[in-house]
Amino acid sequence: MTDQGNELRTGSGSDRDDDGPAPRVRLRDRDNELRSVEAAVDRLCREFAAGGTEIGELLAFSGRPGIGKTSLLHEVRRIASMREGATVLFARGGERQFKEPYHVLRQLLQPVLTRLEADEFAQVMGTWEEVVGPAMGLKQPKAGARRLDPQGVRDGLDYVLTQLAPRRAPMVMIVDDLHWADAESLSWLAKFAVRSGELPVLLVFAFREDENDWPGETHELRRGVLDFARRKHELSRLTLNSVSDMIRAELGDRAEDAFCYEFWNVVNGNPFEAGRLLDQVREQELEPVEENSRQLRELAVDATGMTLKSWLDRLGPATLRFAWACAMLGTDIRIDLATRISTQSGEGARESIKQLRKQRVLTQAPNGNLEFVHPLIASSIYNTMPEATRLGMHGIAAVEIENAGLGLLAASRHLVETHSGEGDDRIVRKLRRAAVEHQLIGAPEAAQRCLHRALNEPPADDIKAEVLYELGCSALLTDPGATVNQLRLALDPDEGPLRPELRVDATFRLSEVLAHSGELGQAALVCQEEAEQTTDPVRRQRLQAASFMWHAFRKSEENGPGRSARLEELYRNLAGREAADRAVLVMRAWDLTLRGEPSTDALALADEVLDGGRLPKGLGWTDTTWGFELPSMLCLTYIYNDRIAQAERLAADAIIQFELAGWSGAHRGFAYFLMGLARFRRGLLAEAEDFLRRAYRISERIGAKLPLAWDAVGVLVDTLIARGRVDEAWELANEFGFHPPYHATVMVLPDAASLYGKLLVAKKRYAGAAAALTEAGAQLEVRGWHNTVWAPWAGHLAIAISADEPERSRDYAQKAVRDARTFGTASAIGSALRLQARIEDGQQAVELLEQAVEHLGQSPAGYEHAVALVDLGAALRRVGRLEDAQEHLYQGIELAQHCSAEKLVDRARRELANYGLRPNRLGVHDFRETLEALSGPERDVADLAVKGVPPQRIAERLGVHLSLVNRRLAAVYRKAGTGPDGLASALGLRPEPGAGPDEVSGLEPGEEPGEEPGVIPGE
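Since this is a predicted model, take the numbers as computed values, not measurements. (Residues numbered from 1 in each chain as written. Predicted model: local features only at pLDDT ≥ 70, side-chain atom pairs only at ≥ 80, totals over all residues. Heavy atoms only, no water.)

This part takes up the overall build of the protein chain. Assigned secondary structure in the protein chain consists of 50 helices and 9 strands. In the protein chain, which comprises 1019 residues, the share counted as buried stands at 57%. The long-range fraction of contacts in the protein chain, counting pairs at least 24 apart against all pairs at least 6 apart in sequence, stands at 68%. Accessible surface, the protein chain: about 41400 Å² in total, of which carbon and sulfur atoms supply 48%. (Helix = DSSP H or I, 4+ residues; strand = E, 2+ residues; numbered from the N terminus. Buried < 20%, exposed > 50% of the residue type's maximum accessible area, 1.4 Å probe, protein only. Contact = heavy atoms within 4.5 Å. Areas by Shrake-Rupley, 256 points an atom, 1.4 Å probe, with all protein chains shown as cover.)

See below:
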């Protein structure tokens, strides 16, 4: 390492100064830190040049104020900028700006993003431009844009950096004074630090070690940064030798050892204090000799105390006022703004700047703006401002910043610091507009600060409730408790009048937050009570519909059938098909689904809601009038009524819409849950598990064990059972409270007691299963909910008690089948029949399973179909029908593999192996292996199909039913990996030479194609 690489500027935070460069001093005490910097930068550049991409790390410097962190980071910037091709990004937190949203991230990213060409900018931003662009100050939000979820902005930033880093690699991102970073920037940086190892990025953070220097809400983020840092350096105080070097570089070699020793003691090895004391020694023209060392402590008081008197003595009133204006602006100080805020003339401002630079208070940044030489100086100057002066100058700053075209977002930081209690309507209006703008860039906490300040102004009595309403809505995505409190105040008549349309919306928002917090009874009640006082029919209908909606998700209800009857009456009285009317249709369809009424009725209502298969205007996923609950309910209706493809289209649209809107919290989490549930019902278990785990992770990120997590974990447990990981499902269920007394206050999907009973059946703990399933049945029967797919308690209860109470077991199994037939979907009937077969033996079990397979083969429930096929194969084996058993087991294996139901595959293979039957081979690569994978009956139908014989004729020639031929052909196509057109090539088969058209078609000469006698069309 060269001596130049060990040199740090002392007494200045800038690399240049128009009054001449500050002395450069080799600080031997920083050798280790600088070696660590060079090693980290060299490693990044070397490994990137070698093709590495996942090479990032975090380098952290911490220490007490003035210990030299800022000077060290300037050296980091110099070292990194000397590396060819490296991109160096820099930002600094500001004590005055830590409440300015995205202040640090904008410093980091604006310069590099604004230099991108249009095409590259579009690629880097992807679909996140309307989310990240406004937050980073690159563009204005679109007209009519919705508030952004802060997590959505963070997710968008993740994407942007993932795209940007490889394009500008190797990249070094440096943040000084991280302890003063705004919360929005810090929360992203702390999480990005964990992911930075996946990118060619070196993060370098400097911050104060003492927790007291961090805002209370950032302590956890601070710990996360420290835990992840690969290289951590806590800067220690300078040694006597380093301080002596500083003194002699400034005052000359005549400085005596005794003077240097006392100087070092006085400043306690602190570089900042050493620099300030050196300024005092130089100004007082104090000779650095032993007899003058006694004066150092007195000089240090003036140098480090920085009282109002000391600054006035050094600067004078006019220059100090300019310094105050600069201290309020913080970092990157525009000279014109500081001039107007300090109410100085241009000439006066130039004289103030000259004096402040001479006193080493300010320096000029490369862009021409001003910077404080050290953050401690800025803090000292700001803290000397008399309160009245500070409040007044913040008011001037707010006006001047807005007049300069920097907008309300920048001005609002000063508005919230102005004097309150005047009742100024103009300030209230500005603060309310600023709050809206903050929400449009994903900064709800900043919006809340503006609205709290507006309430303190205070607003006029006739709009106070509106401000409270806005305050409640601003916390909707981030702070449910605050939302509830503020909306309750907004609805309180003692706080003033609230316009009727806002009363309805405030009530609905309040019910949403209560529901998402698990208080569904309260959510339904507030809507019901407000509806009774609402005279406008449209608004009343909205509240009534919301009340019905929350009741539908409750764990228990006093009069479920009565509510269903009232909902039916509301449906009968609908006059049109506006959004409110369609909302009622959605709830009516879902209610019919839960009650197990004919599926055709529920689907007819659900289809009536959609416009061309899409959600209508007013009921969209991001529509704020109704929220995402209604389209979610519609999606659930399709899922449980065997219209899973339609449900998946809705869920996919939800994921996209929430991403475009920047809503990455509970909204997108629930969209993942819906997609996971749909995949589970379809039988795509691995995909279901992935979506459900994503939903669960999002929920845990928001809060502990929220209703979203309960739903996701519930279906995840069901998925794990299906995949044969019963012990894992058991641990997860018990960890999350899926056991008596069922800690959740909401009705999960599926019902908690029903799911717990099913899990106990899988564990063969039949006594406990019987108790749980009996409880589930009692609750659901009282409510009139008989859907055997949503809560298949009766079928599983029949299995649990079959050994001890066979007659009662048959009653429950038959009840499940009756309820399923009433509901009418193929998956409901097939699943109920399959469960009934579990309590029967011999030919009775075979007949039930044959019916189950027939029904499930016509449904999208792939896993249930696979289980029924394996069950049927085992039952056929037990009655001696080995050939048929083999065929169904083969089909079951194929379908179970497709579903990722590993344990079901193993079970079917054991059935085959135990009775001398060969399991079909996996991993087919050529036609010989494909032929070997086919069973004898499958080979027979394949031979005829290749010759062009239609399925009807194949059935006649082989003497089997058409339905069996179709099932065998389906197995052939799966194993061959092709459809009818490519079957001959896949199997290596060809029609016999000389075969004429009639032979290929399978028809006798002169015979016309037609339906086979005795075969049911479509079977």
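Having seen the model, we can carry on.
Looking now at helix 38 (residues 793-801). Residues separated by three or four positions in an α-helix point in the same direction, a consequence of the helix having 3.6 residues per turn. For helix 38, the tally of buried residues reaches 9 of 9 residues, placing the bulk of the element in the interior. Where helix 38 is concerned, the buried positions are W793, A794, G795, H796, L797, A798, I799, A800 and I801. On its buried face, helix 38 is in contact with helix 36 (752-762), helix 37 (766-783), helix 39 (806-823) and helix 40 (826-837).

Here the focus is helix 42 (residues 862-878). In a regular helix each residue adds 1.5 Å, so 17 residues correspond to 24 Å; helix 42 covers 24 Å between its end C-alpha atoms and thus fits that length. Most of helix 42 sits inside the fold, with 16 of its 17 residues counted as buried. Of the residues flanking the end of helix 42, it is G880, one or two places downstream, whose phi is positive at about 90°. (Expected span 1.5 Å × (residues − 1).)

For the rest of this paragraph, the subject is the environment of E298. Take E298: it is sitting in helix 12 (residues 296-305). In this structure E298 comes out as exposed when scored by relative accessible area, which is 62%. On a C-alpha basis, the gap between E298 and V266 in space is 9.8 Å, while along the polypeptide they are 32 residues apart.

We now examine the confidence of the model for the protein chain. Taken residue by residue, the protein chain gives an average pLDDT of 84. The fraction at 70 or more is 87%. Between residues 921-925, whose pLDDT stays under 50, and residues either more than four places distant or in other chains, the model counts 10 contacts. Below pLDDT 50 for its whole length, residues 991-1019 participates in 31 contacts with residues either more than four positions away or in separate chains. (pLDDT = per-residue confidence, 0-100.)

Cis peptide bonds are those with omega within 30 degrees of zero, and the linkage from A169 to P170 qualifies with -5°. In this fold, P170 is placed in the loop between helix 6 (150-167) and strand 5 (171-176). Look at the link from E457 to P458: it is a cis peptide, with omega at -5°. At D332, a position not held by glycine, the phi torsion is positive, near 50°. On the basis of relative accessibility, which here comes to 39%, the residue D332 falls in the partly exposed class. We note that T343 has phi near 55°; this positive angle belongs to a residue other than glycine. Within the element layout of this structure, T343 appears in the loop between helix 15 (335-341) and helix 16 (346-358). Exposure remark for T343: the relative accessible area of 54% places this residue in the exposed category.

This next bit is on the packing of helix 32 (residues 666-682) against helix 33 (residues 685-702). Viewed as axis vectors pointing N to C, helix 32 and helix 33 meet at an angle of 160°, and their least axial separation amounts to 8 Å. As the angle between them shows, helix 32 and helix 33 are arranged roughly antiparallel. In this structure, helix 32 meets helix 33 at a crossing whose hand is left-handed. Taking contact as the criterion, the partners of A666, R668, G669, Y672, F673, M675, G676, L677, R679 and F680 in helix 32 are, on helix 33, L685, E687, A688, F691, L692, R694, A695, I698 and I702. The class makeup of the residues in the contact of helix 32 with helix 33 is 13 nonpolar, 2 polar and 4 charged. (Axes fitted to C-alpha atoms, helices over the stretch in contact; angles between N-to-C directions. Parallel < 35°, antiparallel > 145°, perpendicular 65-115°, else oblique. Left-handed = near helix turned anticlockwise from the far one by under 90°. Nonpolar A, V, L, I, M, F, W, Y, C, P; charged D, E, K, R; others polar.)

Quick look at the packing of aromatic side chains now. Here the structure, examined in full by the defined rule, presents 15 aromatic pairs. The interplanar angle of 40° and the centroid separation of 6.1 Å between the aromatic rings of Y672 and F691 together place this pair among those described as tilted. On the criterion of sequence distance, the pair formed by Y672 in helix 32 and F691 in helix 33 is long-range, its members being 19 residues apart. Look at Y672 and you get buried, because its relative accessible area is 9%. Under the relative-accessibility criterion, F691 is labelled buried at 13%. With 6.0 Å between their ring centres and 20° between their planes, W730 and Y756 make a pair best called stacked. (Phe/Tyr/Trp six-rings, centres within 6.5 Å; stacked < 30°, edge-to-face > 60°.)

Here we come to the pattern of salt bridges. In a structure, side chains of opposite charge can pair up when their charged atoms sit close to one another. The final tally for this structure, using the stated rule, is 80 salt bridges. Linking D257 and R248 is a salt bridge whose minimum nitrogen-to-oxygen distance equals 2.6 Å. Here R248 falls in the partly exposed class, since its relative accessible area comes to 24%. In this structure, a network of salt bridges that share partners links the residues R432, E466, E470, R499, E501 and R539. (Salt bridge = Lys/Arg side-chain N within 4 Å of Asp/Glu carboxyl O.)

Ranked by size, the top nonpolar core spans 220 residues in total, and within it F372, I381 and F673 carry the most contacts. Excluding anything up to four places from it in sequence, F372 contacts A323, C326, A327, G330, I333, V361, L362, I377, A378 and I381. Ranked by size, the runner-up nonpolar core spans 45 residues in total, among them V104, M173, F192 and F205. (Core = buried A, V, L, I, M, F, W, Y, C linked by side-chain atoms within 4.5 Å.)

Before going further, it helps to examine the sheet that holds strand 5. The strand order 4-5-6-3-7 describes an open sheet built from 5 strands, whose pairing is parallel. Of all the strands in the sheet, the pair left with one neighbour each is strand 4 (87-92) and strand 7 (231-234). Ignoring strand direction, the axes of neighbouring strands in this sheet form an average angle of 10°. Note: strand 5 against strand 6 (residues 201-208), 5 bridges, orientation parallel. In the strand pairing of strand 6, V172 is matched with L202. The strands touched by helix 2 (residues 69-81) within the sheet are strand 3 (57-63), strand 4, strand 5 and strand 6, with strand 5 carrying the most contacts at an inclination of about 165°. (Pairing = 2+ DSSP bridges.)

A few words now on the environment of N966. The topology assignment puts N966 in helix 48 (residues 962-976). With relative accessibility at 33%, the residue N966 sits in the partly exposed group. Between the C-alpha atoms of N966 and I954, which are 12 residues apart in sequence, the distance is 9.7 Å.

Packing of helix 4 (residues 118-125) against helix 6 leaves a shortest axis separation of 7 Å and a crossing angle of 135°. Classified by the interaxial angle, the pair formed by helix 4 and helix 6 is oblique. Two secondary-structure elements touch here, helix 4 through E120, Q123, V124 and M125 and helix 6 through Y159, V160, Q163, L164 and R167. For the contact of helix 4 with helix 6, the per-class residue count stands at 5 nonpolar, 2 polar and 2 charged.

So, on to the pairing of strand 3. Counting buried positions along strand 3 gives 7 out of 7 residues, so the element sits mostly inside the fold. Covered by surrounding structure in strand 3 are E57, L59, F61 and G63 together with L58, A60 and S62, the residues of both alternating faces. Alignment of strand 3 against strand 7, held across 4 bridges, turns out to be parallel. Residue F61 lies in a different strand from strand 7, and its bridge partner there is H233.

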